[in-house]
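Descriptive analysis of the structure
Chain by chain, the residues:
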Amino acid sequence: MDISIKKTLLQPLNDPLFKEKKIEVYLKRDDLIHPTVSGNKWRKLKYNLLEAQKQKQDTLLSFGGAYSNHIYALAAAGKLFNFKTVGIIRGERTEPLNPVLSFAKENGMRLHYISRSAYRDKYDPELVGEFKERFGHFYMVPEGGSNVLAVKGCIEVIEEIDIDFDHICTSCGTGGTLAGLVTGLIGEKKALGFSALKGGGFLKDDVDQLIKGYCGKTFSNWDISTEYHFGGYAKSKPELLQFMKYFERTHKVPIEFIYTGKMFYGLYDLIKKDFFKPGETIVALHTGGVR
Ligand SMILES: *Cc1c(COP(=O)(O)O)cnc(C)c1O
């Protein structure tokens, strides 16, 4: 199983705003890792799949909403690396299947729907026991793929960056990616997450737990901005879509409105508001999600 990642491109972004504010911005193109297991999802799955293989598990089971990029990536990775996959999906089954779930199904994933209230307690041993009865033994990957092994995979983003920089930015859903970046920085420089969810305050605790779980300590050189969710997960506003058009036209790099669009909007806004000091260098992680 060759699940290694070729070091991804780090490209400078040129924009009149950055020039005016004397800020350098580089884009880390994790969206180019793979066409279907894109961006941070491959980083987070890498050591989980190796662990599943070590445990001689042939089935991967995980959780997500009906539009989950993680479910999409897990189905694709299962197909690529010969694992059976099971997706536990929040809410009711709707026909026809949306593009994410129909892709998952085409790639061999078994889809199992549970109510929103059951989903809240998805790791409950009794429920997991029911999954075992239904699907046999499996390797369980948590929602969003975010666990300590995901942290290990995302540390490698930092290891690949061969320029000097002051800040690294990422979009946040479950916070696993940010936890990996913070852990990789080992207390130096700064990491800034942009929450794609409303009320993402709880994310800080989750990120802290993941960091502690990996290295047994905490760091303080990071933060999460919760100002740029545009109404909540997968919600949008005209000014976000307008900004995305500007970004794609200017940089010829595709972004999407759920995660990366919101991060770049927030990054531009913070640069406008002089959040960063003149002369600083920022690396923005393109976590993928575009298909
Ligand atoms: C899943 C995803 C995220 C969120 O990553 P977390 O590790 O859950 O915070 C960000 N961007 C994209 C494109 C994603 O698909």
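You'll find the structure just up there.
Residues numbered from 1 in each chain as written. Predicted model: local features only at pLDDT ≥ 70, side-chain atom pairs only at ≥ 80, totals over all residues. Heavy atoms only, no water.

Description of helix H4 (residues 99-106)
- For H4, the complete set of buried residues consists of Val100, Leu101, Phe103 and Ala104. One face of H4 carries all of its buried residues, which in axial projection span an arc of 160°. Residues of H4 that are exposed and angled more than 90 degrees away from the buried face: Pro99 and Glu106.
- Buried-residue contacts for H4 involve helix H3 (69-80), strand S4 (84-90) and strand S5 (110-114).
- Capping of H4 at its N-terminal end is provided by asparagine 98; its side-chain oxygen lies 2.8 Å from the backbone amide nitrogen of valine 100. (Buried < 20%, exposed > 50% of the residue type's maximum accessible area, 1.4 Å probe, protein only. Helix = DSSP H or I, 4+ residues; strand = E, 2+ residues; numbered from the N terminus. Arc of directions from axis to C-beta. Contact = heavy atoms within 4.5 Å. Polar contact = N/O pair within 3.5 Å; in protein donor to acceptor, adjacent residues only side chain to side chain.)

Focus: the sheet that holds S4
- Read across the open sheet, the 4 strands follow the order S5-S4-S3-S6; overall the sheet is parallel. The sheet is open, and its two borders are formed by S5 and strand S6 (139-140), each paired with just one other strand.
- Sheet topology places strand S3 (residues 59-64) next to S6; 2 bridges connect them, and they run parallel. The partner of leucine 61 across the bridge, within S6, is methionine 140.
- Contacts from H3 reach S3 and S4 within the one sheet, and its direction differs from that of S3 by about 165°. (Pairing = 2+ DSSP bridges. Axes fitted to C-alpha atoms, helices over the stretch in contact; angles between N-to-C directions.)

Quick look at the packing of aromatic side chains
- What the rule picks out here adds up to 16 aromatic pairs.
- Residues phenylalanine 63 and tyrosine 123 carry aromatic rings whose centres are separated by 5.3 Å and whose planes lie at 85° to one another, so their mutual orientation is edge-to-face. Residue phenylalanine 63 is found in strand S3, and its partner tyrosine 123 is found in the loop between helix H5 (116-120) and helix H6 (125-135); the two are separated by 60 residues along the sequence.
- Given a relative accessible area of 0%, phenylalanine 63 falls into the buried group.
- The ring of tyrosine 119 is capped by arginine 90, whose NZ or CZ atom sits 5.3 Å from the centre of that ring.
- Positioned above the aromatic ring of tyrosine 47 is the side chain of lysine 152, whose terminal nitrogen or guanidinium carbon lies 4.6 Å from the ring centre. (Phe/Tyr/Trp six-rings, centres within 6.5 Å; stacked < 30°, edge-to-face > 60°. Lys NZ or Arg CZ within 6 Å of the ring centre and 35° of its normal.)

Section: the site of the ligand
- Taken together, the neighbourhood of the ligand is formed by 16 residues, with Lys41, Lys44, Asn69, Thr174 and Thr287 sitting nearest.
- Here an oxygen atom of the ligand sits 2.9 Å away from a polar atom, N or O, in the side chain of asparagine 40.
- Residue glycine 176 places a main-chain N or O atom 3.3 Å away from an oxygen atom belonging to the ligand.
- Expressed as a share of its isolated accessible area of 390 Å², the protein-covered part of the ligand is 98%.
- Elements with a minimum of two residues in the shell around the ligand: helix H2 (40-54), strand S7 (167-172) and helix H8 (176-185).
- Here the element with the most residues in the shell around the ligand is H2; it accounts for 3 residues.
- The residue makeup of the shell around the ligand, split by class, is 2 nonpolar, 12 polar and 2 charged.
- Residue assignment places the shell around the ligand across two domains, with domain 1 (10-39 + 146-285) and domain 2 (40-144) each supplying three or more. (Near = heavy atom within 4 Å. Areas by Shrake-Rupley, 256 points an atom, 1.4 Å probe, with all protein chains shown as cover. Nonpolar A, V, L, I, M, F, W, Y, C, P; charged D, E, K, R; others polar. Domains from an automatic or database assignment.)

Quick look at the sheet that holds strand S2 (residues 24-28)
- In space, the 6 strands of this open sheet follow the order S1-S2-S10-S7-S8-S9, with mixed pairing throughout. Of all the strands in the sheet, the pair left with one neighbour each is strand S1 (10-13) and strand S9 (222-225). Geometrically, the sheet is characterised by an average inter-axis angle of 25° between neighbouring strands, direction not taken into account.
- One ladder, built from 3 bridges, connects S7 with strand S10 (residues 281-285); its direction is parallel. Looking at S10, one finds that isoleucine 168 is bridged to valine 283.

Quick word on the environment of glycine 65
- For glycine 65, the position within the fold is in the loop between S3 and H3.
- Residues glycine 65 and glutamate 51, 14 residues apart in the sequence, show an inter-C-alpha distance of 25 Å.
- Dropping the residues within four chain positions of it, glycine 65 is found in contact with Ile89, Arg90 and Tyr119.

That's the geometry; what it means functionally is another story.
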